Amino acid sequence: MGLTMRKILFIINSKAGKTEFDIRKEDIEETFRKAGRLDEIEVVDTRYKNHTKFLIDAFDSLAYDEKIVIICGGDGSLNELVNVAYGKNMTLGLIPTGTGNDFAKNFSYESFSLDSLLDFKTKKIDLIKINDFYSINVTSIGFDTQVLKRAYDYLEKNPKLGKSAYTKATIRSLTNLTYEKLNFDLKLIDGSSFQIKGEYLISALCNGAFYGSGFNPAPEAKIDDGVLNLILADKIPLIKLPSMIIKYKKGLHQSSKYLREIKVTSGTIKSKTEFLANADGEIFKTNEIKFEALPKALNWVIFSK
């Protein structure tokens, strides 16, 4: 007979930015030790590339009835976890210890403490399938990805920049704007088809409401409604761009004539040339994105009361 216990695997990304919470292996173990539940957990610091995949594959082979994986890291760590754990019988969760922590902004961590690990709830949330992989938060093309790439370059040279790297990258990117020529073939939430094409500064496919270290492209986005919020930014006069970026960051851009929001469930984005995109902050190149909302695809840990 198999075991009938619950096991929680904590994966701590040792390279995360540590700007929200600084949680160590010893802290987690001491919390469960005090509660007399140390045998319920396993805590591992990642030590090499693809270590998370190795841990998930090993965890999947165990015979526990309930398996929970909580990643301590940022959006990149979470994206990696989702892509190796989706389809396995596991509940996933996040303690935001990265630099941007944008997906965590869809929840409240205000009352989070180590004791929150002892008693939490779960709920079903959506995923985005992007070609042959998965995105849990936002996949985008254009200016925001260019900003992200520059921010990563700055952080690689000076990790202490933290979130200010994104501000610096945004200012620098304003001096070299590029627009992507894209064709969209979309399925709308009423089941009808819709085609649109043009040159776009930003194309953001949103499951969550935040990305890019605090930008709020889709204030109405919900991670459990089976709907993706596609945000498209047309050509914007340079003189208006700084104020538009401020509005975009604060989620106050919805009345702008330069941006539109389309609620979709699936579709294709194509270009005649290769473009730069990112899924939850993970940058990739392609000339076609096939996407689909996967409603309530993940069982997710909720720490907020």
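The structure displayed is predicted, hence computed values, not measured ones.

Definitions and cut-offs
Residues numbered from 1 in each chain as written. Predicted model: local features only at pLDDT ≥ 70, side-chain atom pairs only at ≥ 80, totals over all residues. Heavy atoms only, no water. Phe/Tyr/Trp six-rings, centres within 6.5 Å; stacked < 30°, edge-to-face > 60°. Helix = DSSP H or I, 4+ residues; strand = E, 2+ residues; numbered from the N terminus. Buried < 20%, exposed > 50% of the residue type's maximum accessible area, 1.4 Å probe, protein only. Domains from an automatic or database assignment. Contact = heavy atoms within 4.5 Å. Buried area = accessible area lost by both parts, 1.4 Å probe. Salt bridge = Lys/Arg side-chain N within 4 Å of Asp/Glu carboxyl O. Polar contact = N/O pair within 3.5 Å; in protein donor to acceptor, adjacent residues only side chain to side chain. pLDDT = per-residue confidence, 0-100.

Chemist: Is there a simple way to think about the packing of aromatic side chains in this case?
Modeler: One pair of aromatic rings is described through two measures. These are the centre distance and the angle between the planes. Under the definition given, this model contains 13 aromatic pairs. Relative to Tyr 134, the ring of Tyr 86 has its centre 4.6 Å away and its plane inclined at 55 degrees; by these criteria the two rings are tilted. Placement of Tyr 86 in the loop between α3 (75–85) and β4 (91–96) and of Tyr 134 in strand β6 (residues 133–135) is noted, with a sequence separation of 48 residues between them. On the basis of relative accessible area, Tyr 134 is assigned to the buried category, the value being 18%.

Chemist: Before we go on, may I ask you to explain the domain arrangement of the protein in this structure?
Modeler: Quite often, the size of an interface is put as the accessible area lost when its parts meet. Segmentation of the protein into domains returns domain 1 (6–118) and domain 2 (133–294). Taken together, the 16 residues of domain 1 in the interface contact 20 residues of domain 2. Together domain 1 and domain 2 conceal approximately 1,500 Å² of surface at their shared face, both sides included; 63% is due to carbon and sulfur atoms. Our count for the contact surface shared by domain 1 and domain 2 stands at 0 salt bridges. Run the count over domain 1 and domain 2 and you get 6 residue pairs in polar contact (both at pLDDT 80 or more).

Chemist: Just to check I follow, could you spell out the pattern of salt bridges for this structure?
Modeler: A side chain with one charge may pair with a side chain of the opposite charge, provided their charged atoms come close. One pass over the full model with this rule turns up 11 salt bridges. The closest approach of N and O atoms between Arg 24 and Asp 27, which form a salt bridge, is 3.0 Å. Since its relative accessible area comes to 47%, Arg 24 is described here as partly exposed. Across the salt bridge formed by Asp 102 and Lys 105, the nearest N and O atoms sit 3.6 Å from each other. A single network of salt bridges, built from pairs that share partners, joins Arg 6, Arg 37 and Glu 40.

Chemist: Even after reading the chapter, I still don't get the environment of Glu 180, so can you show me in this structure?
Modeler: Tracing the sequence through the fold places Glu 180 in strand β8 (residues 180–188). Using a relative accessible area of 14% as the deciding quantity, one classes Glu 180 as buried. For Glu 180 and Leu 201, which are 21 residues apart along the polypeptide, the C-alpha to C-alpha distance reads 6.6 Å. Those residues in contact with Glu 180, other than ones at most four positions away along the chain, are Ile 141, Gly 142, Gly 198, Glu 199, Tyr 200, Phe 275 and Leu 276.

Chemist: Would you take a moment to explain the side chain of Thr 139 for this structure?
Modeler: Inspection of the secondary structure assignment puts Thr 139 in strand β7 (residues 138–142). For Thr 139, a relative accessible area of 3% gives the class buried. Here the side chain of Thr 139 touches Ser 135 through a polar contact of 3.1 Å, side chain to side chain. Other than its neighbours up to four places away in sequence, Thr 139 contacts Ile 130, Ser 203, Ala 204, Leu 205, Asn 278, Ala 279, Phe 284 and Ile 289.

Chemist: Where do I start with the confidence of the model for the protein in this structure?
Modeler: Note that predicted coordinates carrying low pLDDT should not be read in detail. Confidence along the protein averages 92 in pLDDT terms, with 96% of residues attaining 70 or more. Within the protein, the lowest mean pLDDT, 85, falls on helix α5 (residues 164–173), and the highest, 98, falls on β6.

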